[in-house]
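Understanding the architecture of this molecule
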Amino acid sequence: MDVKTFAADHGLQDKDIVNLVKSDYPKYDKYLHSKVKRPDDYGIKLLDSAEEMLRETIGANPPAPHRSDKRRKPCRIQCRLSKADFKRLQQAIKADGYDTIQAGVSQIIRNYLKERKES
């Protein structure tokens, strides 16, 4: 069985398969799973019993479909800050009258893009 195709056909994510196989084989993890997905490169495949267990489990309990993202603003950015910088940013955004960090950072980004467009 091609695990990669099996996952795609059944709408499964890698973590779903890892958790299922891990129930019978406790040392199975995401690193081993990534090798099982590429048997031609690594020469590794699931045992027949593990494949059968996946077929039986998924056939009996198909996974719930993943919900589509219904956010008004679906794109996300992130960065890491030191604790001191984060605290200063929180205080500055609150002092400028924004309710949330998102509102403040969104405005900072819009201002930055506006300045770039003008120059």
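Only a predicted model underlies this, so the values are computations on that prediction, with no experimental measurement involved.

**Quick look at the environment of Lys-15**
- Relative to the helices and strands, Lys-15 is located in helix α2 (residues 14-24).
- Between the C-alpha atom of Lys-15 and that of His-33, which follows or precedes it by 18 residues, the distance is 9.1 Å.

**Brief notes about the pattern of salt bridges**
- Tallying each qualifying case throughout the model produces six salt bridges.
- Note that Arg-55 is salt-bridged to Glu-51, the shortest N-O span being 3.8 Å. Placement of both Arg-55 and Glu-51 in helix α5 (residues 48-60) is noted, with a separation of four residues, approximately one turn of the helix.
- The buried category is assigned to Glu-51, whose relative accessible area is 5%.
- Ionic contacts of the salt-bridge type, sharing partners, join the residues Lys-45, Asp-48, Glu-51, Glu-52 and Arg-55 into one network.

**Digging into a nonpolar patch on the surface**
- Together, Ile-77, Ile-109, Tyr-112 and Leu-113 make up an exposed nonpolar region whose accessible area comes to about 420 Å².
- Position of Ile-77 among the secondary structure elements: in the loop between α5 and α6 (83-95).
- According to the relative accessible area criterion, Ile-77 is exposed, its value standing at 65%.

**Points about the state of the cysteines**
- For the structure on display, the rule yields zero disulfides.
- Of all cysteine sulfurs, the one in Cys-75 lies closest to Cys-79, which takes part in no disulfide; the gap is 17 Å.
- With a relative accessible area of 64%, Cys-79 lands in the exposed category.

**Some remarks on the confidence of the model for the protein**
- Of the residues in the protein, 94% have a pLDDT of 70 or more, and the chain-wide mean is 91.
- Within the protein, no element has a lower average pLDDT than α5, which sits at 87, and none a higher one than α6, at 96.

**A short note on the environment of Tyr-31**
- Inspection of the secondary structure assignment puts Tyr-31 in helix α3 (residues 30-36).
- Taking C-alpha positions, Tyr-31 is 22 Å from Asp-9, a pair spaced 22 residues apart along the chain.

**Description of the nonpolar core**
- Counting residues in hydrophobic clusters, the biggest one holds 14 residues, and the most contacted among them are Leu-12, Ile-17, Val-21, Tyr-28, Leu-46 and Leu-54.
- Going through the elements one at a time, α1 (3-10), α2 and α5 are the ones with two or more residues in this core.
- Ranked by the residues each element gives to this core, the list is headed by α5, at four residues.
- The contacts of Leu-54, once residues within four sequence positions are left out, are Met-1, Phe-6, Ile-17, Leu-20, Val-21, Leu-46 and Gly-59.

Calculation rules
Residues numbered from 1 in each chain as written. Predicted model: local features only at pLDDT ≥ 70, side-chain atom pairs only at ≥ 80, totals over all residues. Heavy atoms only, no water. Helix = DSSP H or I, 4+ residues; strand = E, 2+ residues; numbered from the N terminus. Salt bridge = Lys/Arg side-chain N within 4 Å of Asp/Glu carboxyl O. Buried < 20%, exposed > 50% of the residue type's maximum accessible area, 1.4 Å probe, protein only. Patch = residues over 30% accessible without salt bridge, like charges linked within 9 Å, V, L, I, M, F, W, Y side chains within 5 Å. Areas by Shrake-Rupley, 256 points an atom, 1.4 Å probe, with all protein chains shown as cover. Disulfide = S-S within 2.5 Å. pLDDT = per-residue confidence, 0-100. Core = buried A, V, L, I, M, F, W, Y, C linked by side-chain atoms within 4.5 Å. Contact = heavy atoms within 4.5 Å.

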